[in-house]
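Listed below, chain by chain, are the residues.
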Amino acid sequence: MSGAPQGGPRYDEPEADAFTRTYWHAAARGRLLIRRCAACGRAHHYPREFCPHCWSEDVVWEAASGRATLYTWSVVHRNDLPPFRDRTPYVAAVVDLAEGPRMMTEVVECGEAELRVGMGLRAAFRAVGSVAVPVFRPSHRG
């Protein structure tokens, strides 16, 4: 499989729409946002216009602390989609945010042998095209 042409598709760049633009603007400034339901009080992630727990539409944006713990992960050794093929191996992960929701992400700045269920992580942000995406690194690295 040959590489994508210059200016070809990027499979790591999310598309912001009218609803998620707030989320992506905050990420570009190094802030992780979640949604919290005013009806049941539970937080959720990924951003939705309704609460996935009680279906209320009374949800608001809230700044997350950026703290998380590692729930599970997989080391990806092969991904033929650009630009992932140039990043292998990388750690695809699910983390538990301090506020409660689980989030799919990537763990960076951490060797495979260092990974442990429950290890403390901190949000960081990777510039991807015109946006920034949240990734997580070990909290002991600042």
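Residues numbered from 1 in each chain as written. Predicted model: local features only at pLDDT ≥ 70, side-chain atom pairs only at ≥ 80, totals over all residues. Heavy atoms only, no water.

### Quick word on the sheet that holds strand 1 (residues 33-37)
In spatial order, the strands read 2-1-3; together these three strands make up an open sheet with antiparallel pairing. For this open sheet the edge positions go to strand 2 (43-44) and strand 3 (59-63), each flanked by a neighbour on one side alone. Note that strand 1 and strand 2 share two bridges and pair antiparallel. Within strand 2, the position partnered with Arg 35 by the bridge is His 44. (Pairing = 2+ DSSP bridges. Helix = DSSP H or I, 4+ residues; strand = E, 2+ residues; numbered from the N terminus.)

### Comments concerning the confidence of the model for the protein
Averaged over every residue, the pLDDT of the protein is 92; the share at 70 or more is 93%. Scored below 50 in pLDDT, residues 1-5 shows seven contacts in the model against residues more than four places distant or in partner chains. (pLDDT = per-residue confidence, 0-100. Contact = heavy atoms within 4.5 Å.)

### What about the environment of Cys 110?
With respect to the helices and strands, the residue Cys 110 is situated in the loop between strand 6 (102-107) and strand 7 (120-128). With 19 residues separating them in the primary sequence, Cys 110 and Val 91 have C-alpha atoms 8.8 Å apart.

### Quick notes on the nonpolar core
Membership of the largest hydrophobic core comes to 27 residues, with the highest contact counts inside it found for Leu 70, Val 95, Leu 97, Val 107, Leu 121 and Phe 136. Those elements that place two or more of their residues in this core are helix 1 (21-28), strand 1, strand 4 (67-76), strand 5 (90-97), strand 6, strand 7 and strand 8 (131-138). Sequence-distant contacts of Val 95, that is, excluding residues within four places in its chain, are made with Ala 68, Thr 69, Leu 70, Tyr 71, Pro 101, Arg 102, Met 103, Thr 105, Leu 121 and Phe 136. (Core = buried A, V, L, I, M, F, W, Y, C linked by side-chain atoms within 4.5 Å. Buried < 20%, exposed > 50% of the residue type's maximum accessible area, 1.4 Å probe, protein only.)

### Observations regarding the pattern of salt bridges
Counted by the stated rule, this structure contains six salt bridges. Its salt-bridge partner being Arg 102, residue Asp 96 comes within 2.6 Å of it at the nearest N-O pair. Classification of Arg 102 by relative accessible area gives partly exposed; the value is 42%. A salt bridge links Glu 106 to Arg 126; the shortest N-O distance between them is 2.8 Å. Pair noted here: Glu 106 is in strand 6 and Arg 126 is in strand 7, with a separation of 20 residues, a long-range link. Overall, Glu 106 belongs to the buried group, its relative accessible area being 13%. On the basis of relative accessible area, Arg 126 is assigned to the partly exposed category, the value being 22%. (Salt bridge = Lys/Arg side-chain N within 4 Å of Asp/Glu carboxyl O.)

### Describing unusual backbone geometry
Only a minority of non-glycine residues have a phi that is not negative, and only a minority of peptide bonds are not trans. Cis geometry is adopted by the peptide bond preceding Tyr 46, which originates at His 45 and carries an omega value of 20°. Within the element layout of this structure, Tyr 46 appears in the loop between strand 2 and strand 3. For the bond running from Thr 88 to Pro 89, omega is -10°, close enough to zero to count as cis. Among the secondary structure elements, Pro 89 is positioned in the loop between strand 4 and strand 5. A positive phi angle, near 70°, is found at Trp 55, a position not held by glycine. Positioned with a positive phi, Glu 109 is a non-glycine residue whose angle comes to about 55°. Along the polypeptide, Glu 109 turns up in the loop between strand 6 and strand 7.

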